[in-house]
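# An overview of the molecular structure
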Amino acid sequence: MQASAQQAKSCVELLKEFRLKGTDARGEKLYFAGVGRRDVYNVTAPFLDEGEWVIAGRVEDRASERSSIMFFVEKNGKWTPREGAPVFELQDPFFTFVRGELVLGGVQVFFDPDDPHYVTTWRTVFYRGYRVRELREFAQGPLTMKDVRLVDQQNGTIGVFTRPMPVGDARAMIGYAEISDLDELTEELMANAEVLKGQFLKVEWGGANEIHLLNNGKLGVLGHVAWMDYGNIRHYYPMVFALDPATRAHTPLKLIATRNLFPEGPAKRPDLEDVLFSGGLRRNGDGTATLYTGVSDAEAARIVIEDPFVEYEA
């Protein structure tokens, strides 16, 4: 495990490393029904709820950012809204299980009352319950903070990953803290989490999307790293790294997928064509893993890749 004083690599460098390694993996689209003409993207990986495999997805019109989190089940090759499931007026769902309890979250977005297309700020909102239909809100993150994620640890603590922005002259960074109970997940705790150094260039940014407890107690982080090209063209890549929660040492970032590995399709806007937003990852136990991802802010897809966390468990 490398120390956190490592030198950050640019997205261009990370992309070059990924392409040099090469992959034969190819992704496939996920198809949705029962949502009219709305798009479904930035989905979670499937999780088991009351004996049924469920995914949560961001649902919205192509020309709007007013979105809902809906729950879907697969029927005849298509994901359809789950009957009786709640709908949350949030973006970008995520989930984990803490001491057997489902924790689901999303991003609450605030719009200018005089301009419904202009977002003024946002925050992460958390729900908990032992099943989807019983979820209740229990915590909120600081304003302008997305990508807050939790993980149940072997030592009984709960790891908390944060995404403060800006941090000094850096666009955004990943923070880490620990709590002993979900009731301790406060705005103050999230705002004051220790920042992990050496992960992003100051002009680039990223965040955690899902945390995996590895068999050696380390934390495997599925996240994203991004940069802005000329003309405000965005580039988002799924990435992973491992964190030692005892020392805060972490490995360098590595990319695990790029847009060209997935079928062609629409984008929400021209500046979002090269965007993959990591939703979740299922480790298959055979050396492979299935990555679920949003594509170009308009579709959802999955791809079977080499399990990116195996090397951190050696």
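Residues numbered from 1 in each chain as written. Predicted model: local features only at pLDDT ≥ 70, side-chain atom pairs only at ≥ 80, totals over all residues. Heavy atoms only, no water.

### Re the overall build of the chain
Let me state the cut-off plainly: Helix and strand assignments come from DSSP, with helices taken as H or I runs of at least 4 residues and strands as E runs of at least 2, each series counted from the N terminus. The globule rule used for comparison is 2.2 Å times the number of residues to the exponent 0.38, while the radius of gyration itself is calculated over C-alpha atoms. Here the term buried applies to any residue with accessible area under 20% of the maximum for its type, exposed to any over 50%, and partly exposed to those in between, with areas from a 1.4 Å probe on protein chains only. The contact criterion used is simple: two residues touch if any of their non-hydrogen atoms lie within 4.5 Å. Working definition of accessibility: Shrake-Rupley area with a 1.4 Å probe, residue cover restricted to the visible protein chains. Positive charge is attributed to Lys and Arg, negative charge to Asp and Glu, and no charge count is given to His or to the chain ends. Lysine's charge is taken at NZ, arginine's at CZ, aspartate's at CG and glutamate's at CD.
Along its length, the chain carries 2 helices and 21 strands. The C-alpha atoms of the chain give 18 Å as radius of gyration, which agrees with the globular expectation for 314 residues (20 Å, within 12%). In terms of overall dimensions, the chain has C-alpha extents of about 50 × 50 × 45 Å along its principal axes. Here the chain, with 314 residues, has 56% of them falling under the buried criterion. Sequence separation of 24 or more characterises 52% of the internal contacts of the chain that already satisfy a separation of 6 or more. Summed over its atoms, the accessible surface of the chain is roughly 14,100 Å², and 48% of this surface lies on carbon and sulfur atoms. Separation between the mean location of the 36 positive side-chain charges and that of the 46 negative ones in the chain comes to 2 Å.

### Regarding the sheet that holds strand E14 (residues 194-195)
Threshold: DSSP-based pairing: two strands are paired if at least 2 bridges between them are found.
What the 4 strands build is an open sheet, ordered E11-E12-E13-E14; its pairing is antiparallel. This sheet does not close on itself; its edge strands, each paired only once, are strand E11 (149-152) and E14. The pairing of E11 with strand E12 (residues 158-162) spans 4 bridges and is classified as antiparallel. Its bridge partner lying in E12, Asp 152 is registered against Ile 158.

### Let's talk about the packing of aromatic side chains
For any pair of aromatic rings, the description consists of the separation of the ring centres together with the inter-plane angle of the planes. For clarity, the threshold we go by: We call Phe, Tyr and Trp rings a pair once their centres come within 6.5 Å, taking the six-membered ring for Trp, and we label the pair stacked below 30 degrees between planes, edge-to-face above 60, and tilted otherwise.
Following the criterion strictly, the structure yields 11 aromatic pairs and no others. Look at Phe 47 and Phe 97: their rings are 6.5 Å apart centre to centre, the planes differ by 65 degrees, and that puts the pair in the edge-to-face class. Here the residue Phe 47 occupies a position in strand E3 (residues 47-49), and Phe 97 occupies one in strand E7 (residues 91-98), the gap between them amounting to 50 residues. Judged by relative accessible area, Phe 47 falls into the buried class, the value being 2%.

### Points about the environment of Lys 9
Threshold: As used in this structure description, the phrase polar contact means that two N or O atoms lie within 3.5 Å; if the pair is within protein, one of them must be able to donate a hydrogen and the other to accept it, and residues adjacent in sequence are counted only when both atoms belong to side chains.
One can find Lys 9 in the segment before helix H1 (11-21). On the basis of relative accessible area, Lys 9 is assigned to the partly exposed category, the value being 36%. Counting along the chain gives 191 residues from Lys 9 to Phe 200, while the straight-line C-alpha distance between them is 6.8 Å. In contact with Lys 9, other than residues within four places in its own chain, are Leu 14, Glu 17, Gln 199, Leu 201 and Glu 204. A distance of 2.3 Å separates polar atoms of two side chains, one belonging to Lys 9 and the other to Glu 17.

### Details of the sheet that holds strand E9 (residues 115-129)
For the record, the criterion: Note on geometry: axes are C-alpha line fits, over the in-contact stretch for helices, and angles between N-to-C directions span 0 to 180 degrees.
Taken in spatial order, the 4 strands line up as E7-E8-E9-E10 in an open sheet, and their pairing is antiparallel. With one partner strand each, in any of the chains shown, E7 and strand E10 (136-140) form the two edges of the open sheet. Sheet twist, expressed as the average angle between the axes of neighbouring strands with direction ignored, equals 35 degrees. With 4 bridges joining them, E9 and E10 adopt antiparallel strand pairing. Across the sheet, residue Tyr 127 finds its bridge partner in E10, namely Glu 137.

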